Amino acid sequence: MIKADELREFRPQVRYQNGEAITLSTVQDAVKDCAMKMGIPVAFRSDQVKSGGLFNSSVEDCIVMYHPEHERDYFKFCIRVKRQGTYAFVTINDFGQSKQMNKAGYAESYRQDRKGKDLSYKAFSMIGQGVMTLGRSKAKLEEEEMYYQCVFDIFDEIVR
(Lines give C-alpha, C1' and ligand atoms only; values in the text may rest on other atoms or scores of the structure.)
Protein backbone atom coordinates (compact mmCIF):
# COMPACT_ATOMS: atom_id res chain seq x y z
CA MET A 1 0.00 0.00 0.00
CA ILE A 2 1.24 3.47 -0.95
CA LYS A 3 0.65 6.41 1.37
CA ALA A 4 -0.81 9.40 -0.48
CA ASP A 5 1.67 11.80 1.12
CA GLU A 6 4.56 9.86 -0.50
CA LEU A 7 3.31 10.73 -4.00
CA ARG A 8 4.79 13.60 -6.02
CA GLU A 9 3.17 15.11 -9.10
CA PHE A 10 4.91 13.71 -12.18
CA ARG A 11 2.55 15.43 -14.57
CA PRO A 12 -0.73 17.34 -14.26
CA GLN A 13 -3.99 15.43 -13.97
CA VAL A 14 -5.77 14.90 -17.30
CA ARG A 15 -9.57 15.06 -17.69
CA TYR A 16 -11.54 13.12 -20.31
CA GLN A 17 -15.13 14.28 -20.88
CA ASN A 18 -16.38 10.99 -22.33
CA GLY A 19 -14.16 8.74 -20.25
CA GLU A 20 -16.46 5.81 -19.53
CA ALA A 21 -14.10 3.40 -21.34
CA ILE A 22 -10.99 4.58 -19.48
CA THR A 23 -9.95 2.15 -16.75
CA LEU A 24 -6.71 1.21 -15.06
CA SER A 25 -6.54 -1.80 -17.35
CA THR A 26 -6.97 0.21 -20.57
CA VAL A 27 -4.38 2.77 -19.43
CA GLN A 28 -1.95 -0.04 -18.56
CA ASP A 29 -2.45 -1.72 -21.95
CA ALA A 30 -1.94 1.57 -23.79
CA VAL A 31 1.23 2.41 -21.84
CA LYS A 32 2.58 -1.12 -22.32
CA ASP A 33 1.94 -1.01 -26.09
CA CYS A 34 3.50 2.43 -26.49
CA ALA A 35 6.55 1.47 -24.41
CA MET A 36 7.01 -1.68 -26.47
CA LYS A 37 6.91 0.32 -29.72
CA MET A 38 9.54 2.70 -28.29
CA GLY A 39 11.68 -0.15 -26.96
CA ILE A 40 11.41 1.06 -23.35
CA PRO A 41 11.19 -1.62 -20.63
CA VAL A 42 8.25 -1.27 -18.23
CA ALA A 43 6.57 -3.54 -15.73
CA PHE A 44 3.37 -3.16 -13.72
CA ARG A 45 1.80 -4.28 -10.47
CA SER A 46 -1.55 -3.55 -8.86
CA ASP A 47 -1.56 -1.61 -5.61
CA GLN A 48 -3.61 0.84 -3.56
CA VAL A 49 -3.16 4.41 -2.36
CA LYS A 50 -4.23 5.18 1.20
CA SER A 51 -5.10 8.74 2.17
CA GLY A 52 -6.54 10.35 5.27
CA GLY A 53 -6.10 9.55 8.93
CA LEU A 54 -7.32 6.88 11.30
CA PHE A 55 -11.00 7.86 11.22
CA ASN A 56 -11.35 9.33 7.73
CA SER A 57 -9.08 7.12 5.65
CA SER A 58 -9.82 6.07 2.11
CA VAL A 59 -8.22 3.57 -0.23
CA GLU A 60 -7.99 3.90 -3.99
CA ASP A 61 -6.89 1.29 -6.53
CA CYS A 62 -3.91 2.09 -8.74
CA ILE A 63 -1.30 0.50 -10.94
CA VAL A 64 2.39 1.00 -10.33
CA MET A 65 4.72 1.21 -13.31
CA TYR A 66 8.46 0.65 -12.86
CA HIS A 67 11.64 -0.30 -14.68
CA PRO A 68 11.79 -4.12 -14.46
CA GLU A 69 15.55 -4.16 -13.87
CA HIS A 70 15.55 -1.26 -11.39
CA GLU A 71 12.43 -1.69 -9.28
CA ARG A 72 14.26 -0.81 -6.05
CA ASP A 73 16.63 1.94 -7.23
CA TYR A 74 14.57 4.02 -9.71
CA PHE A 75 11.46 6.06 -9.05
CA LYS A 76 8.14 4.29 -9.60
CA PHE A 77 4.97 5.72 -11.17
CA CYS A 78 1.51 5.50 -9.61
CA ILE A 79 -1.37 5.70 -12.09
CA ARG A 80 -4.94 6.29 -10.88
CA VAL A 81 -8.27 6.76 -12.64
CA LYS A 82 -11.08 8.62 -10.86
CA ARG A 83 -14.63 9.18 -12.09
CA GLN A 84 -17.13 12.01 -11.88
CA GLY A 85 -20.24 11.45 -13.99
CA THR A 86 -19.08 10.64 -17.54
CA TYR A 87 -15.67 12.16 -16.85
CA ALA A 88 -12.51 10.20 -16.17
CA PHE A 89 -9.53 11.82 -14.46
CA VAL A 90 -6.11 10.20 -14.95
CA THR A 91 -3.46 11.05 -12.38
CA ILE A 92 0.20 10.05 -12.66
CA ASN A 93 2.51 10.51 -9.70
CA ASP A 94 6.02 9.35 -8.99
CA PHE A 95 7.27 8.01 -5.67
CA GLY A 96 10.09 6.09 -4.09
CA GLN A 97 13.82 6.66 -4.03
CA SER A 98 16.55 6.90 -6.64
CA LYS A 99 19.97 5.90 -5.33
CA GLN A 100 21.90 7.71 -8.04
CA MET A 101 19.84 10.91 -7.80
CA ASN A 102 20.21 10.92 -4.01
CA LYS A 103 23.99 10.60 -4.35
CA ALA A 104 24.09 13.37 -6.97
CA GLY A 105 22.05 15.56 -4.62
CA TYR A 106 24.46 14.92 -1.75
CA ALA A 107 27.45 15.74 -3.96
CA GLU A 108 25.92 19.04 -5.08
CA SER A 109 24.94 19.93 -1.54
CA TYR A 110 28.49 19.34 -0.28
CA ARG A 111 29.92 21.39 -3.17
CA GLN A 112 27.64 24.33 -2.39
CA ASP A 113 28.44 24.10 1.31
CA ARG A 114 32.21 24.34 0.72
CA LYS A 115 32.02 27.69 -1.08
CA GLY A 116 33.79 30.41 0.86
CA LYS A 117 34.96 28.09 3.66
CA ASP A 118 38.53 27.60 4.92
CA LEU A 119 40.81 24.79 3.70
CA SER A 120 40.39 22.50 6.73
CA TYR A 121 36.58 22.70 6.47
CA LYS A 122 36.80 21.89 2.74
CA ALA A 123 39.02 18.86 3.43
CA PHE A 124 36.57 17.35 5.95
CA SER A 125 33.67 18.20 3.67
CA MET A 126 35.30 16.33 0.80
CA ILE A 127 35.77 13.26 3.02
CA GLY A 128 32.10 13.41 4.01
CA GLN A 129 31.10 13.79 0.38
CA GLY A 130 33.20 10.76 -0.55
CA VAL A 131 31.47 8.61 2.05
CA MET A 132 27.94 9.79 1.22
CA THR A 133 28.38 9.44 -2.54
CA LEU A 134 30.19 6.10 -2.56
CA GLY A 135 29.06 4.18 -5.65
CA ARG A 136 27.96 7.30 -7.51
CA SER A 137 28.14 6.91 -11.26
CA LYS A 138 27.57 9.71 -13.75
CA ALA A 139 26.89 7.14 -16.46
CA LYS A 140 24.22 5.36 -14.36
CA LEU A 141 22.67 8.69 -13.41
CA GLU A 142 22.52 9.77 -17.06
CA GLU A 143 20.97 6.42 -18.04
CA GLU A 144 18.33 6.81 -15.33
CA GLU A 145 17.53 10.39 -16.36
CA MET A 146 17.14 9.26 -19.99
CA TYR A 147 14.72 6.55 -18.84
CA TYR A 148 12.55 9.17 -17.11
CA GLN A 149 12.55 11.29 -20.28
CA CYS A 150 11.34 8.25 -22.24
CA VAL A 151 8.62 7.60 -19.64
CA PHE A 152 7.54 11.22 -19.97
CA ASP A 153 7.29 10.74 -23.75
CA ILE A 154 5.20 7.59 -23.27
CA PHE A 155 2.77 9.44 -21.03
CA ASP A 156 2.69 12.38 -23.46
CA GLU A 157 1.69 9.94 -26.18
CA ILE A 158 -0.98 8.13 -24.13
CA VAL A 159 -2.40 10.65 -21.66
CA ARG A 160 -3.33 13.86 -23.48
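Provided above is the structure to which this section pertains.
Residues numbered from 1 in each chain as written. Predicted model: local features only at pLDDT ≥ 70, side-chain atom pairs only at ≥ 80, totals over all residues. Heavy atoms only, no water.

**Q** When you look at the overall build of the chain in this model, what are you seeing that I'm missing?
**A** Helix and strand content of the chain: 4 helices and 6 strands. Along the chain, helices and strands appear, N-terminal first, in the series β-β-α-β-β-β-β-α-α-α. In the chain, the share of contacts with a sequence separation of at least 24, taken over all contacts with a separation of at least 6, comes to 64%. (Helix = DSSP H or I, 4+ residues; strand = E, 2+ residues; numbered from the N terminus. Contact = heavy atoms within 4.5 Å.)

**Q** Help me understand a negative patch on the surface in this model?
**A** A contiguous patch of negative charge on the surface is contributed by E69, E142, E143 and E145. A relative accessible area of 38% means that E145 is categorised as partly exposed. (Patch = residues over 30% accessible without salt bridge, like charges linked within 9 Å, V, L, I, M, F, W, Y side chains within 5 Å. Areas by Shrake-Rupley, 256 points an atom, 1.4 Å probe, with all protein chains shown as cover. Salt bridge = Lys/Arg side-chain N within 4 Å of Asp/Glu carboxyl O. Lys, Arg positive; Asp, Glu negative; His and termini not counted. Charge placed at Lys NZ, Arg CZ, Asp CG, Glu CD. Buried < 20%, exposed > 50% of the residue type's maximum accessible area, 1.4 Å probe, protein only.)

**Q** I'm lost on the nonpolar core in this one. Help?
**A** Generally speaking, nonpolar side chains in soluble globular proteins are found buried as a group. Counting residues in each nonpolar core, the largest one holds 28 residues, and the members touching the most others are M65, I79, V90 and F155. At the level of secondary structure, the elements contributing two or more residues to this core comprise β2 (8-16), α1 (24-38), β4 (58-66), β5 (76-84), β6 (87-95) and α4 (138-158). In contact with V90, not counting residues within four places along its chain, are Q13, V14, Y16, I22, I79, R80, V81 and V159. Counting 9 residues, the second-largest nonpolar core is a separate cluster that includes V49, C62, Y66 and C78. (Core = buried A, V, L, I, M, F, W, Y, C linked by side-chain atoms within 4.5 Å.)

**Q** Can you help me understand the state of the cysteines in this one?
**A** Put plainly, two cysteines are in a disulfide when a covalent bond ties their sulfur atoms together. Counted according to the given criterion, the structure contains 0 disulfides. Here C62 is not cross-linked by a disulfide; its sulfur's nearest cysteine counterpart is in C78, at 3.7 Å. Relative accessible area serves as the criterion here: at 2%, C62 is assigned to the buried category. (Disulfide = S-S within 2.5 Å.)

**Q** Looking at this structure, how should I read α1?
**A** Residue pairs three or four apart in sequence face the same way in an α-helix, which turns once every 3.6 residues. Compared with an ideal rise of 1.5 Å per residue, which puts 15 residues at 21 Å, α1 spans 21 Å between its outermost C-alpha atoms and is within 8% of the ideal. Burial in α1 covers these residues: L24, V27, Q28, V31, C34 and A35. The buried residues of α1 occupy one face: seen down the axis, they fall within an arc of 135 degrees. Structural note: α1 exposes M36 and K37 on the side pointing more than 90 degrees away from its buried face. Just past α1, the residue G39 takes up positive phi, approximately 75 degrees. (Expected span 1.5 Å × (residues − 1). Arc of directions from axis to C-beta.)

**Q** Where do I start with the sheet that holds β5 in this structure?
**A** Pairing between sheet strands relies on hydrogen bonds along the backbone, with the strands arranged either parallel or antiparallel. Taken together, the 6 strands give an open sheet; going across it, the order is β1-β3-β4-β5-β6-β2, and neighbouring strands pair in mixed fashion. One side of each edge strand has no neighbouring strand; the edge strands of this open sheet are β1 (2-3) and β2. Both β1 and strand β3 (residues 43-51) contribute to a ladder of 2 bridges, which runs parallel. Residue pairing in the sheet places I2 in a bridge with V49 of β3. Sheet contacts for α4: β2, β4, β5 and β6; angle to β2, the most-contacted strand, approximately 10 degrees. (Pairing = 2+ DSSP bridges. Axes fitted to C-alpha atoms, helices over the stretch in contact; angles between N-to-C directions.)

**Q** Sorry if this is basic, but what is going on with the packing of aromatic side chains here?
**A** Remark: the centre distance and the inter-plane angle together describe each pair of aromatic rings, the angle taken between the planes. Considering all chains together, one arrives at 10 aromatic pairs under this definition. Plain terms: the ring middles of F75 and Y148 are 5.5 Å apart, the flat faces sit at 35 degrees to each other, and that makes the pair tilted. On the criterion of sequence distance, the pair formed by F75 in the loop between β4 and β5 and Y148 in helix α4 is long-range, its members being 73 residues apart. Residue classification places F75 among the buried residues on the basis of a relative accessible area of 17%. What makes Y148 buried here is its relative accessible area of 8%. (Phe/Tyr/Trp six-rings, centres within 6.5 Å; stacked < 30°, edge-to-face > 60°.)

**Q** Any chance you could explain the pattern of salt bridges here in plain terms?
**A** Any two side chains of opposite charge can pair, given that their charged atoms come close. Applying the stated criterion across every chain, the model contains 5 salt bridges. A salt bridge links R8 to D94, with the shortest nitrogen-to-oxygen separation between them at 2.8 Å. Remark: D94 occurs in strand β6 and R8 occurs in strand β2; sequence separation between them is 86 residues. A residue is classified by how much of its surface remains accessible, and R8, at 33% relative accessible area, is partly exposed. The residue R45 makes a salt bridge to E71 at a minimum N-O spacing of 3.7 Å. Residue R45 is found in strand β3, and its partner E71 is found in the loop between β4 and β5; the two are separated by 26 residues along the sequence.

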